[in-house]
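Descriptive structure summary
Listed here are the chains, written in short residue letters.
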Amino acid sequence: MSVPADHPFAAAVRPLVDAMGGEMIAPDRARGDDVVLSWEGRPVIAVRLPHISDSLDHILADLQRRHGVPLSALDRKTKQSVVRQLEQRGAFSVRHGVETVAGALGVSRFTVYNYLNREKSGD
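Okay, so let's go over this structure. In this text, all values refer to a predicted model and were calculated from it rather than measured experimentally.

In this section: the pattern of salt bridges. Applying the stated criterion to the full structure yields five salt bridges. Linking Arg 31 and Asp 33 is a salt bridge whose minimum nitrogen-to-oxygen distance equals 3.9 Å. According to the relative accessible area criterion, Asp 33 is exposed, its value standing at 56%. Residue Arg 48 is joined to Asp 34 by a salt bridge in which the shortest nitrogen-to-oxygen separation is 2.8 Å.

And the structure:
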């Protein structure tokens, strides 16, 4: 069985699956940790979620696409905003999250921690 790409439900959830960095697969190929989605009582697609570390890379790539330039080319205020967005999405709960974000932004880990502390202190 293949993923019914022309099914209205598949078309409806594709933007969400893409935003998460997931993969749509046929329900009969689903593994235990995949999420099977049904339409009118019948399995239509399964979603294979990315590993958490892959999710962070996907989120960073999406932010770069949205800004239209490498994240390292952003000004300081925009980098601070990116760090706030990433914190809200749980990026820093991932092992090596701070290091990964610092590398993408072209700043030190210390700078990322400063951005995080600045947000918490309300400055």
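Strand order in this open sheet of three strands is β1-β3-β2, and the pairing throughout is antiparallel. Edge positions in the sheet fall to β1 (23–25) and β2 (35–39), since each of these pairs with one other strand and no more. Direction aside, neighbouring strands of the sheet carry axes that sit 30° apart on average. Of the pairings in the sheet, the one linking β1 to strand β3 (residues 42–48) comprises three bridges and is antiparallel in character. By the bridge assignment for β3, Glu 23 is matched with Arg 48.

Rules used in this analysis
Residues numbered from 1 in each chain as written. Predicted model: local features only at pLDDT ≥ 70, side-chain atom pairs only at ≥ 80, totals over all residues. Heavy atoms only, no water. Salt bridge = Lys/Arg side-chain N within 4 Å of Asp/Glu carboxyl O. Buried < 20%, exposed > 50% of the residue type's maximum accessible area, 1.4 Å probe, protein only. Pairing = 2+ DSSP bridges. Helix = DSSP H or I, 4+ residues; strand = E, 2+ residues; numbered from the N terminus. Axes fitted to C-alpha atoms, helices over the stretch in contact; angles between N-to-C directions.

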